[in-house]
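These are the residues of each chain, in order.
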Amino acid sequence: MYKFACDDGLIDQSYRLDFGVIKKLQGEAVRSSYTIAEYTALTNISRTWYKKKDAKTDEERFYRRIINDFVLVMSNGGFRTQEARLLKWKDIKKITKEGEETYAEVVVRAENSKVRKSRTIEMRRGDLFERIKKYSDHTEREDFVFTKYGSKDVLDKTHLYDYFNAMVAEVKKEHNDFDDTKSLYCLRHFWITIRILAGLNVYDIAKISGTSLQQIQKHYDAAASLVTSQKMNKNMLRFDKRGNVVVEAVKW
């Protein structure tokens, strides 16, 4: 913007930009996550979106379908958007079924990770990859899981975000209280937050999601505080004869 203003003679090239003191609001570091109700609304709409009458072409139906599966893969694997987008079929090592659950062993290659470290995880909803194979024409080892319509090219960001935003707009039509300012990346925050609220080990969450323990503590402290307080409330407290508080029993 500064270069544009200089080139068009709107300001002198000696002009110094001064934004003053930029204050960061307290609590702004807390990552934005979908609530369970919002996630439920989002996935309920996305599941059948491609079947609606206004999806009149194969291309439209394909993109609506693949964005639904992209959302579900992200939210079940805790991936960053880029990590999910660049998955190849060779990264899906095996799919196993245990009772009613289907799991997938997935490799996030170092070159696709923000921290440049590879990791292998087991995620729920391995059936998603089986489903994508049924409507995708490109399922060889070196093919991308998420592709453009009629092409081997990876699903481009324009189609990804345009269809996600269109899907969110559909959700908003049926759920007025749905927060449509939350981004696709918030699905990763949802994955992390839900596991913190479930009381899982924070170190394990950091390792599986490919981030540091410090990042988890910094950005998800509010969720961790809730879990801690819930655990504290399960302590059985009493007073001894001197009036001191005694922890009588702990039920985790």
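Residues numbered from 1 in each chain as written. Predicted model: local features only at pLDDT ≥ 70, side-chain atom pairs only at ≥ 80, totals over all residues. Heavy atoms only, no water.

**Comments concerning unusual backbone geometry**
A positive phi is found at R116, a non-glycine position, where the angle reads about 60°. By relative accessible area, R116 is classed as exposed at 55%. Unlike most non-glycine residues, R125 shows phi in positive territory, near 65°. Residue position: R125 is located in the loop between β3 (119-124) and α5 (127-135). (Buried < 20%, exposed > 50% of the residue type's maximum accessible area, 1.4 Å probe, protein only. Helix = DSSP H or I, 4+ residues; strand = E, 2+ residues; numbered from the N terminus.)

**Notes on helix α7 (residues 186-197)**
With 12 residues, α7 extends 16 Å from end C-alpha to end C-alpha; this agrees with the ideal 16 Å at 1.5 Å per step. Counting buried residues along α7, 9 of its 12 residues qualify, which places the element largely inside the surrounding structure. Within α7, the full set of buried residues consists of C186, L187, R188, H189, F190, W191, I192, T193 and I196. Directly after α7, the chain includes G199, whose backbone phi takes a positive value near 80°. (Expected span 1.5 Å × (residues − 1).)

**Remarks on the environment of Q82**
Mapping Q82 onto the fold places it in helix α4 (residues 81-85). Assessed through its relative accessible area of 31%, Q82 is described here as partly exposed. It is 8.6 Å that separates the C-alpha atoms of Q82 and K114, two residues lying 32 residues apart in sequence. Among the polar contacts listed, one links the side chain of Q82 to the side chain of R85, at a separation of 3.2 Å. (Polar contact = N/O pair within 3.5 Å; in protein donor to acceptor, adjacent residues only side chain to side chain.)

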